[in-house]
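Each chain is listed here by its residues.
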Amino acid sequence: MTITEIPFERLDAEKFIDEKCRSLVQETGDDIAVNALSGGVDSSVTTMLAHRAIGSRLKTYFIDNGLMREKEPESVISVMTGLGVPVERIDAKKEFFSALKGVTDPEQKRQVITDTFYKTVFGRLVKESGAKFLLQGTIYTDVEETVAGIKRQHNILSQLGIDTESAYGYRVIEPLIELRKTGVRAVGKALGMPESVYNRPPFPGPALVTRVIGEALPERIERVRKATAIVEEELAGVDAFQYLAILHEDRVTGVYEGARRYGNQIEIRCWDSRDAVVAKPTRLPFELLEKIAARVTAEIPEVVSVTYNITPKPPSTIEAL
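My aim in this report is to walk through the structure given alongside it, one point at a time. (Residues numbered from 1 in each chain as written. Predicted model: local features only at pLDDT ≥ 70, side-chain atom pairs only at ≥ 80, totals over all residues. Heavy atoms only, no water.)

### Some thoughts on the overall build of the chain
Part 1 of the reasoning: What the chain contains, in helices and strands, is 11 helices and 10 strands.
Part 2 of the reasoning: The C-alpha atoms of the chain give a radius of gyration of 20 Å, which matches the 20 Å a tight globule of 321 residues would have.
Part 3 of the reasoning: Taking the principal axes of its C-alpha atoms as reference, the chain extends roughly 70 × 40 × 40 Å.
Part 4 of the reasoning: Pairs at least 24 apart in sequence give 74% of the contacts found in the chain among residues at least 6 apart.
Part 5 of the reasoning: Here the chain has roughly 14700 Å² of accessible surface; of this, 49% comes from carbon and sulfur atoms.
Part 6 of the reasoning: When the 42 basic and 47 acidic side-chain charges of the chain are each reduced to a single mean position, those positions are 1 Å apart. (Helix = DSSP H or I, 4+ residues; strand = E, 2+ residues; numbered from the N terminus. Rg over C-alpha atoms; globule rule 2.2 N^0.38 Å. Contact = heavy atoms within 4.5 Å. Areas by Shrake-Rupley, 256 points an atom, 1.4 Å probe, with all protein chains shown as cover. Lys, Arg positive; Asp, Glu negative; His and termini not counted. Charge placed at Lys NZ, Arg CZ, Asp CG, Glu CD.)

Following this line, the structure appears as structure tokens:
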């Protein structure tokens, strides 16, 4: 499958929307399509595009996998419902945590997320709904990084030779696959979406699993969820492409009330980038970093060390896994 990128400089957002709407109507015919909404920019824009194209024939699901940020399920569903898109919340926490148990290798974790999402959860939903299609917000960068071997994106399937109809029982449609993030934002704006949706910082499809080095146990996910909330609150006014918190696997030595204590380490990353292909660490004020470190160690007692990544991409990556 050959994919031709539409560079941001050549993108006519209104024309792109019209063409994709016609294409979606033609591809789906009179059939039902299900839609995977995570709340990220790509999935949200895909949802609005498909809703405009096929209306009531679109069934949109938010998969509550227990791996999202604080109050994200409620927030995402509220925003999309307010935009006129009905969303059904599916509780799949048990399925995901059960599948992730004992898994530490980054690529295996991504594969587990892929299998649980596409086969276990959406396979069931597709069968129950009678849908023949799944819409998802794959973008050009996802394909590029996977094919180049930088990292396997969980939503890359046919580009790796996976026949989704044989493997999962439905065909995947990816209307944004020719665009990078800047183009997706432009399409979201043209669709009339709020800036808080189309311009929000990127968030990975596998969610907080990509920000826990080692086993993604529920309690470890909860720690990085709390750290993420602090980082996003403190850096909300910073003009950056993306910012995040990472929970490291090894415990480190700390001091608490005059005694040694082995605890966790949180790494903060904040990036300046245009398209996620290359990125530089944002030069944050040291006082701001100190404030974040103080809050993280005070509000998450298990954490005794907070660090800041100063290595550009490449050789670093934006996400940890």
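Here the narrative resumes.
### Description of the packing of helix α4 (residues 93-100) against helix α5 (residues 106-129)
Part 1 of the reasoning: At a closest axis distance of 10 Å, the pairing of α4 and α5 adopts a crossing angle of 145°. Read as a crossing pair, α4 and α5 show a hand that is right-handed. Listed contacts from α5 to Glu95, Phe96, Ala99 and Leu100 of α4 are Lys109, Val112, Ile113, Thr116, Phe117, Thr120, Val121 and Arg124.
Part 2 of the reasoning: Counted by class, the contact of α4 with α5 contains seven nonpolar, two polar and three charged residues. (Axes fitted to C-alpha atoms, helices over the stretch in contact; angles between N-to-C directions. Left-handed = near helix turned anticlockwise from the far one by under 90°. Nonpolar A, V, L, I, M, F, W, Y, C, P; charged D, E, K, R; others polar.)

### As for the side chain of serine 44
Part 1 of the reasoning: By the secondary structure assignment, serine 44 is in helix α2 (residues 41-54).
Part 2 of the reasoning: At a separation of 2.8 Å, a polar atom in the side chain of serine 44 contacts the main-chain carbonyl oxygen of glycine 40.
Part 3 of the reasoning: Setting aside residues up to four positions removed in sequence, serine 44 forms contacts with Leu37, Gly39, Met80, Met193 and Val197. (Polar contact = N/O pair within 3.5 Å; in protein donor to acceptor, adjacent residues only side chain to side chain.)

### Description of the packing of aromatic side chains
Part 1 of the reasoning: Considering all chains together, one arrives at three aromatic pairs under this definition.
Part 2 of the reasoning: Ring geometry for tyrosine 61 versus phenylalanine 122: centroids 6.2 Å apart, planes at 75°, classification edge-to-face. Separated by 61 residues along the polypeptide, tyrosine 61 in strand β2 (residues 58-64) and phenylalanine 122 in helix α5 bring together distant segments of the chain. We note that tyrosine 61, like phenylalanine 122, is buried. (Phe/Tyr/Trp six-rings, centres within 6.5 Å; stacked < 30°, edge-to-face > 60°. Buried < 20%, exposed > 50% of the residue type's maximum accessible area, 1.4 Å probe, protein only.)

### So, helix α8 (residues 181-190)
Part 1 of the reasoning: Within α8, the full set of buried residues consists of Lys181, Gly183, Val184, Arg185, Val187 and Gly188.
Part 2 of the reasoning: The inward-facing, buried residues of α8 abut α1 (13-28), α2 and α9 (195-198).
Part 3 of the reasoning: With its phi angle positive at about 85°, glycine 192 sits one or two positions after the end of α8.

### A short note on the pairing of strand β8 (residues 259-272)
Part 1 of the reasoning: When strand β6 (residues 242-247) meets β8, the two strands line up antiparallel, connected through six bridges. Following the sheet pairing, isoleucine 246 is matched in β8 by glutamate 267.
Part 2 of the reasoning: Pairing geometry for strand β7 (residues 252-256) and β8, over five bridges, is antiparallel. Each bridged residue has a counterpart across the sheet, and for valine 252 the counterpart in β8 is glycine 263.
Part 3 of the reasoning: Here β7 folds back onto β8 in antiparallel fashion, the turn holding two residues, of which glutamate 257 has a positive phi close to 55°.
Part 4 of the reasoning: Relative to strand β10 (residues 303-308), β8 is paired through five bridges, and the arrangement is parallel. (Pairing = 2+ DSSP bridges.)

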